[in-house]
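Architecture and fold: a report
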Amino acid sequence: MANEQTIDKFKQAFLEEAREILVELESALLALNENPNDTELMGRAFRALHTIKGSGAMFGFDELARFSHNLENAFDEVRNGRLKVTAELINLSLAALDQIKAMLEEASGRGTADSGVSAEILAKLRRLTGKSDTHHAATEAAPSSSPSSPLAASPAAAVGAARDWQIRFSPGSDLLRTGTNPLLLLRELKQMGSLRTKASMAAIPPIGELDPERCYLRWEMVLTTSSSREAISDVFIFVADSCELTIEPVIEPGAAEPALEMPAGAKPEITVAPAAADQALIPDAVAAKPAEKKPPPWGRRASDTPDNASSIRVPAAKLDQFVDLVGELVTMQARLGEIAARHEDAEVATVSEEIERLTTALRESSISIRMLPIRATFERFRRLVHDLARDLHKEVELTMEGADTELDKSVIDELNDPLMHLIRNSMDHGIEPADRRLADGKRPSATIHLSAQHSGASVLIRVADDGGGINAEAVRARAIEKGLAAADAQLSENEIFNFILAPGFSTAKQITDVSGRGVGMDVVRRKVEALRGTIDITSKAGSGTTVTLRLPLTLAIIDGLLVRVGEAHFVLPLATTLECIELTRQDIEKANGKHVAYVRGEIIPYIRLREYFNIKTAQPEREQILVAETEDGHYGFVVDQVLGDHQTVIKNLGRFYRHVELISGATILGNGSVALILDPHRLVREALRSTAGSRSDGRTAARSRAKGAAV
Amino acid sequence: MPLTLDQGEAVCLIRLKGEIDITTAADLKNLLLRALASGKDMCVDLERATELDVTALQLLWAADREARGSGRSLKLAGPVPAELLAAVNNAGFESFPIGSARE
């Protein structure tokens, strides 16, 4: 039956969303650790747990539901002020969160969750909350505090007094198809107190006309519980917009108007009908057309995420395919443009231009769809920092900046590992123990600052700490020892720091759990290089280290400038290009053969691509210099001709060319030939490096050697 | 197969095994319709069923009503596992959707 699949799909959706909720829970817990009295945060943690429990149970993850239920109860206590937020509770909750994560992983067929760990966490939790079993104690107690106790009817009754609620529940016709099991909801209600349930079969049609996958049953219940109306309606949180639900206190004569004690935050989804005199069951007419809109796969209340209400979830693979197709379209459009230009037909030219305009717009919007803020990745490290600080007995505060900076999803996905290694390194090696810091006149609490910022077609991501900095001398000595540098080599600080990125390089005398194996930074380097990014390390002894990752905004399509040198075509990223100027023979002579140009009084060193790539065709009378903005300042690239802008679909060159750093990929031109995409930063870096013995401050040094720089 | 139908001489025996839920609902409906169409009395064996969800309960209830309407009987063949009884109770059914209690 197709249903098996449908349910699997819902389960999949649940697992995916549960992971997101865990991220939310984690951030709430960590924030709560900082502000233990913030009721808003307590509520957030509670709701996240409640959601995981409720939907977990609905999709048959009973173990998960049971486990989170206990945790949820603890947070209910917190919310009600009966349990204090302590570091112990937070740490335990974080451990529980990891266990939930493990259970989810297990459910999706990756790894296994150790049920021993669950038991251990629950035991600790019980000790903390001081209850034998948070949940059952409460349920068992409720009915015994007799429903007819005088308190029960009093609307002003304090939390904790049991009272009767009349609940009518008519599931929408699609309830079952969305994977919801109403019986589990009833069971959940039952756990809140004593429940009398009456099902109405009045709506069940003759069996021949019965749709087997539709819920025809209606329920009327009386629940005696000490829980609030909110807690009751929370049970129906996932079905609220696909069912009819009324929850009313059972009024005893003389009691005050029920509306008065409606909690301020009563959910708008719940229609609180006036206390109807007749207790008849809901009319059996096919009144089950409650909400027009179909609930999402596993209904999250729209009000939970107002700004996401109109968004949809798309598998990343589909998006990749979409962007690929747009890429193909851009390539074909370039071809069309080329043909149109050759035919000199005004009509064709108009159409071609129009198509170009459209593909550009399409390309931009397809890329923007893949752009995500880096916040989620950044936020994830709060936990890492929290845990490591605890394990290393250091006080570390994580600050962030520019978390809303957007990056291509595929870049973000690959950033997690490198950033994690950088942060671990900072925490373990960079940041000194509190007493050392005090002795050095620093604040005992250290800071790790994560920041993201746009820079042309790149994004700069920085991990900065205010720790002890890198001991350049130690790194140098170790590099010489490992044979990475000659004993008498004159090395710039930059070059020395770059040794840190070499595989297996570590100056740590002791390998700790956290780092010191010399693997981490190599991983960082590889990942960043795979993303066509660069790493820059600056460090000042005693005051900290900053690692800057420069990453391309996107890995798919960029705006480029197509240039020609002899017969060869190259693409330079438009975002880094500042201007084009002419270079005549006279200019070259004026510069005394040095590779520099004077542009409005500024000296611009340049690299001749003709010489750089050894292109042996006649040099034209007039050449052009493309001035580009690089990390090392303004540099020029001399080409024969600038052909114009080009929507560049980046194609990988494949494994063989992986080590050619100067080239960030290739693209297919309109005429079907291939053009290499040049990376100005790397070209300049490479040129500076090849001017041997250049000692630090590249620019001035490079200027005087500009000739040599250009091979 | 979780659902089987044995056509005896005078009685149709419907056997339900394992979880009877929305994934088997369409099959259960067809099975019940076939049993009803046979014109014989019917027995439902739930001994090896582990779960009855809403779809199963309402189908059995509808089949029971149908059977009684045409003067035949739908009965339980043998005992019902305790957890099923508990589930039926939890679902707010005063009695088991099929069986003698309502005759």
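The coordinates are above.
The notes below deal with the structure included here. For every chain, the first residue of the written sequence is number 1, and numbering continues from 1 along that sequence. Whichever chain is written first becomes A and whichever ligand is written first becomes 1, with later ones labelled in order. Only residues with pLDDT of at least 70 are given local features in this predicted model, and only at 80 or more are side-chain atom pairs given and counted; all residues enter the totals for whole chains, interfaces and linings. Hydrogens and waters are ignored; side-chain quantities use all the structure's heavy atoms.

1. A few points about the sheet that holds strand 14 (residues 577–584) of chain A
Residues and elements named next belong to chain A. Paired strands, in this sense, are two strands between which DSSP finds at least two bridges. What counts as a helix is a DSSP run of H or I of at least four residues, what counts as a strand is a run of E of at least two, and both are numbered from the N terminus. Ordered by their spatial adjacency, 5 strands build an open sheet running 14-17-18-16-15, and the pairing between neighbours is mixed. The sheet terminates laterally at strand 14 and strand 15 (596–599), the two strands that pair on one side only. Put simply, the sheet's adjacent strands are angled 35 degrees from each other on average, direction ignored. Where strand 14 lies against strand 17 (residues 622–630), 7 bridges are found, and the strand directions are antiparallel. Across the sheet, residue Cys580 finds its bridge partner in strand 17, namely Leu626. All axes are obtained by fitting lines to C-alpha atoms, using only the stretch in contact for helices, and the reported angles, taken between N-to-C directions, cover 0 to 180 degrees.

2. Things to note about the packing of helix 2 (residues 39–58) of chain A against helix 8 (residues 182–190) of chain A
All names here are of chain A. The N-to-C vectors of helix 2 and helix 8 enclose an angle of 130 degrees; their axes lie 9 Å apart at closest approach. Overall, the two elements helix 2 and helix 8 adopt an arrangement that is oblique. Residue-level inspection shows His50, Lys53, Ala57 and Met58 of helix 2 in contact with helix 8, the latter providing Leu184, Leu185 and Glu188. Here the angle decides the label: under 35 degrees means roughly parallel, over 145 means roughly antiparallel, 65 to 115 means roughly perpendicular, and every other value means oblique. Contacts were defined at the residue level, with two residues in contact if any of their heavy atoms lie within 4.5 Å.

3. A look at empty space enclosed by the protein
Over the atoms, a rolling probe the size of a water molecule traces out where space has been left empty. Residues and elements named next belong to chain A. Grid points spaced at 1 Å and placed over the protein atoms alone form the basis of the search, with a cavity being a set where a 1.4 Å probe fits but cannot get out and a pocket an open set showing protein on both sides within 12 Å along at least five of seven lines. Lining residues have an atom within 4 Å of a point. Grid points are joined across faces, edges and corners, and a volume is the space filled by probe spheres set on the points. Taken as a whole and assessed by the stated rule, the structure comprises 7 cavities of 30 Å³ or more. In this model, the largest cavity occupies a volume close to 270 Å³. Along the wall of the largest cavity there are 20 residues; nearest its centre are Ser458, Pro552, Pro573, Ser664 and Asp679. Every element with two or more residues in the lining of the largest cavity is listed here: strand 11 (544–552), strand 21 (674–678) and helix 20 (680–690).

4. A short note on the interface of chain A and chain B
Taken together, the 29 residues of chain A in the interface contact 28 residues of chain B. Summed over both sides, the interface between chain A and chain B buries roughly 2,400 Å², with carbon and sulfur atoms accounting for 66% of that surface. Salt-bridge detection follows one rule: a side-chain nitrogen of Lys or Arg within 4 Å of a carboxyl oxygen of Asp or Glu. Remark: the boundary between chain A and chain B carries 0 salt bridges. Between N or O atoms, a polar contact is any pair within 3.5 Å; within protein, one atom must be a potential hydrogen donor and the other a potential acceptor, and residues adjacent in sequence are included only when both atoms are from side chains. Remark: the boundary between chain A and chain B carries 9 residue pairs in polar contact (both at pLDDT 80 or more). Secondary-structure elements contributing two or more residues to the side of chain A that touches chain B are helix 1 (2–34), helix 8 and strand 2 (193–200) of chain A. The biggest single contributor to the side of chain A that touches chain B is helix 8 of chain A, with 5 residues. Accessible area, probed at 1.4 Å, shrinks when two parts are joined; the buried area is that loss added up over both.

5. Focus on the packing of aromatic side chains
Residue and element names in this part refer to chain A. Stacked, edge-to-face and tilted labels apply to pairs of Phe, Tyr and Trp rings (six-membered ring for Trp) whose centres lie within 6.5 Å, assigned for plane angles under 30 degrees, over 60, and everything in between, in that order. Following the criterion strictly, the structure yields 4 aromatic pairs over all chains and no others. With 5.9 Å between their ring centres and 20 degrees between their planes, Phe169 and Trp219 make a pair best called stacked. Separated by 50 residues along the polypeptide, Phe169 in strand 1 (residues 163–171) and Trp219 in strand 3 (residues 218–225) bring together distant segments of the chain. As far as the burial class goes, Phe169 and Trp219 line up, both buried. Buried means the residue's accessible area, taken with a 1.4 Å probe over protein chains only, is under 20% of the maximum for its type, while exposed means over 50%, and partly exposed covers the values in between.

6. Describing helix 2 of chain A
Since there are 3.6 residues in each turn of an α-helix, residues three or four apart along the chain are aligned in direction. All names here are of chain A. A helix is expected to reach a length of 1.5 Å times the quantity of its residues less one. For helix 2, spanning 20 residues, the distance from its first C-alpha to its last is 28 Å, which sits close to the expected 28 Å at 1.5 Å a residue. With 16 of its 20 residues buried, helix 2 lies for the most part within the structure. Taking the backbone nitrogen of Glu40 as reference, a side-chain oxygen 2.9 Å away marks Asp38 as the first, capping residue of helix 2. Positive phi shows up at Gly60, right after helix 2, with a value of about 85 degrees.

7. A short note on the pairing of strand 8 (residues 446–455) of chain A
Along a regular strand, successive side chains alternate from one face of the sheet to the other. All names here are of chain A. Two elements, strand 6 (residues 396–401) and strand 8, share 6 bridges in a ladder whose sense is parallel. Bridging across to strand 8, Leu398 finds its partner in Ile448. Where strand 8 meets strand 9 (residues 458–465), 8 bridges bridge the pair, whose relative direction is antiparallel. Residue pairing for strand 9: Leu450 is matched across the bridge by Val463.

The values reported here are purely geometric and, on their own, carry no functional implication.
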